[in-house]
Amino acid sequence: LIRYIVDEWSFKLIEMDTKGVKKIKINTAVAKPIVEAMEKKQDHKNKVMSGEIKVKISKGDRFA
Amino acid sequence: VIDLHDSYEVFVNESDLKNDEFEYFFTTDSNIVYILGFSNASYLFRTECLVCSNIFSFTFYPSEQKGQYDPKIKLTIIKTIHRFIELYRCPVIYVCDTSSSGGRGRLRLFSSWFNEYSKGLFLHDQRIFETDYQQIPLGIIAAVSDSNFNQYLNEIDSAWMG
């Protein structure tokens, strides 16, 4: 079955097929600290988006 | 590469950040602020990999719930990644959301963005790492002149397989 998601940035249907992308089975125990670090970043992102954390903005130079 | 009229101006966020972090932001026509963050990605690699110590991890998110579809957002994000790589001469890794099943879809989305706008100036590769209970889709982008490019994901492979 090919499954789709609605892409949150374009509101278009995105096919979840990632054929051609190399898949690597990793050691869960070895990867645990890395996964936890990623989850911490994701958690921060979710809290900002939900309004739980307010990001401080101080406008500096133009970058791009 | 990207028409600046189709994207937003991006500014440095001068709020208190750590030494190995860079943060930028832009404001959309709907007045939504998007944060674009780059932080040192050395936690993904073994300390022995010296060439990996200069890789940055990229994330972006709106400072509140998103509004309507806005094609300028995609272009602004790509423009910022390109600028960062050109300015700091370092590769950029993006890790897609591991908390939902949409991560693989976003990996594919990033791939289509890259194919559309890299114009031969950047290298790109992706992986899906699988544990017993989740998938971690990630990708890496570097300047076409980066001779260590093939080494980066191989280093993650070997570091994570234990």
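Quantities reported herein were computed from a predicted structural model and do not represent experimental measurements.

**Q** Explain the state of the cysteines here, please?
**A** Residues and elements named next belong to chain B. Per the stated rule, a full pass over the model turns up one disulfide over all chains. A sulfur-sulfur separation of 2.0 Å characterises the disulfide bridge that pairs Cys-49 with Cys-52. Looking along the S-S bond of the Cys-49-Cys-52 disulfide, the torsion reads about 60 degrees, which is the right-handed sense. On the basis of relative accessibility, which here comes to 0%, the residue Cys-52 falls in the buried class.

**Q** Teacher, can you tell me more about the pattern of salt bridges here?
**A** Side chains that differ in charge, positive against negative, can pair when their charged atoms come close. All names here are of chain B. If you walk through the whole model with that rule in mind, you get eight salt bridges over all chains. In this structure, the salt-bridge partner of Arg-127 is Asp-125, at a minimum N-O distance of 3.4 Å. Overall, the relative accessible area of 5% leaves Arg-127 in the buried class. A residue is classified by how much of its surface remains accessible, and Asp-125, at 30% relative accessible area, is partly exposed. Counted as one network, the salt bridges with shared partners bring together Asp-125, Arg-127 and Asp-157.

**Q** Can you help me understand the nonpolar core in this one?
**A** Of all hydrophobic cores here, the largest spans 35 residues; its most connected members are Leu-36, Phe-58, Ile-77 and Phe-84 of chain B. Listing elements by their share of this core, those giving two or more residues are β2 (21-27), β3 (33-40), β4 (56-62), α1 (71-88), β5 (92-95), α2 (103-117), β6 (122-130) and β7 (135-143) of chain B. At seven residues, the largest contribution of residues to this core is made by α1 of chain B. Contact partners of Leu-36 of chain B, with chain neighbours within four places excluded, come to Val-10, Phe-22, Glu-23, Tyr-24, Phe-25, Phe-26, Phe-58, Thr-59, Phe-60, Ile-77 and Thr-80 of chain B. By size, the runner-up hydrophobic cluster in this structure holds 24 residues, among which are Ile-24 of chain A together with Leu-44, Tyr-152 and Ile-156 of chain B.

**Q** What should I look at first to understand the interface of chain B and chain A in this one?
**A** As a measure of interface size, the accessible area lost when the parts come together is often cited. Taken together, the contact between chain B and chain A spans 64 residues of the former and 44 residues of the latter. A salt bridge links Glu-9 of chain B to Arg-62 of chain A; its shortest N-O distance comes to 3.0 Å. Here chain B and chain A share 19 residue pairs in polar contact (both at pLDDT 80 or more) between them. Top element by residues in the side of chain B that touches chain A is α1 of chain B. It accounts for seven residues. When its residues are assigned to classes, the side of chain B that touches chain A shows 30 nonpolar, 18 polar and 16 charged. One ladder, built from two bridges, connects strand β4 (residues 59-62) of chain A with strand β1 (residues 11-13) of chain B; its direction is antiparallel. Counterpart to Arg-62 of chain A in the pairing with β1 of chain B is Phe-11 of chain B.

Rules used throughout
- Residues numbered from 1 in each chain as written.
- Chains lettered and ligands numbered in written order.
- Predicted model: local features only at pLDDT ≥ 70, side-chain atom pairs only at ≥ 80, totals over all residues.
- Heavy atoms only, no water.
- Disulfide = S-S within 2.5 Å.
- Buried < 20%, exposed > 50% of the residue type's maximum accessible area, 1.4 Å probe, protein only.
- Salt bridge = Lys/Arg side-chain N within 4 Å of Asp/Glu carboxyl O.
- Core = buried A, V, L, I, M, F, W, Y, C linked by side-chain atoms within 4.5 Å.
- Helix = DSSP H or I, 4+ residues; strand = E, 2+ residues; numbered from the N terminus.
- Contact = heavy atoms within 4.5 Å.
- Polar contact = N/O pair within 3.5 Å; in protein donor to acceptor, adjacent residues only side chain to side chain.
- Nonpolar A, V, L, I, M, F, W, Y, C, P; charged D, E, K, R; others polar.
- Pairing = 2+ DSSP bridges.

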